[in-house]
Amino acid sequence: MSLESIEHRLTPLLPRLGHVNARVKIVCDKDGIVHLDATQTPAVMTFADGPADCTIKISKANLEKLIDGKMDPMVAFAMGRLKVDGSKGIAAKLTSVFG
């Protein structure tokens, strides 16, 4: 599967990532990796693995729901649909970007 639909959904949100000021890696199981570098202005999105301050593991379908505001990030975390490695504070900053 392609992460093209994720790219189209995330691109408009990149300017809102400035306050995160960190690198975030989103691992979508077998679908691939989305790497967001919000240490730059504007934030840069790539689909290659790289260093990250926070790694989020989530299915592509659930990531699409998060981006579209159809799933609350805190509820997803509590239900185990989203896992966080690294800084939980950075993950919490992302909640204001999604939804």
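Residues numbered from 1 in each chain as written. Predicted model: local features only at pLDDT ≥ 70, side-chain atom pairs only at ≥ 80, totals over all residues. Heavy atoms only, no water.

### Thoughts on unusual backbone geometry
Heads up, the condition is: Strands here are runs of E lasting at least two residues and helices are runs of H or I lasting at least four, both read from the DSSP assignment and numbered beginning at the N terminus. Note on classification: 1.4 Å probe, protein chains only; a residue is buried when its accessible area is under 20% of the maximum for its type, exposed when over 50%, partly exposed between these limits.
A cis amide bond, omega -5 degrees, links T41 with the succeeding residue P42. Along the chain, P42 turns up in the loop between strand 2 (32-37) and strand 3 (44-46). One non-glycine residue with positive phi stands out, namely N21, at about 50 degrees. Relative to the helices and strands, N21 resides in the loop between helix 1 (4-10) and strand 1 (23-28). In this structure, D29 takes a positive phi of about 45 degrees despite not being glycine. Mapped onto the elements, D29 comes out in the loop between strand 1 and strand 2. Residue D29 is classed as exposed on the basis of its relative accessible area, which comes to 55%.

### Observations regarding the pattern of salt bridges
Short version of the rule: Here, a salt bridge means any side-chain nitrogen of Lys or Arg that lies within 4 Å of a carboxyl oxygen of Asp or Glu.
Applying the stated criterion across every chain yields a total of six salt bridges. For R23, the salt bridge identified is with D53, shortest N-O distance 3.9 Å. Of this pair, R23 sits in strand 1 while D53 sits in the loop between strand 3 and strand 4 (54-58), and the two are 30 residues apart along the sequence. You can call R23 partly exposed: its relative accessible area is 28%. Overall, the relative accessible area of 33% leaves D53 in the partly exposed class. The salt bridge involving D49 is made with K25; its shortest N-O contact spans 2.8 Å. Of the two residues, D49 sits in the loop between strand 3 and strand 4 while K25 sits in strand 1, which places them 24 residues apart along the sequence. Residue K25 is classed as buried on the basis of its relative accessible area of 15%. Among the ionic contacts, a cluster of salt bridges with common partners joins R9, K60, E64 and D68.

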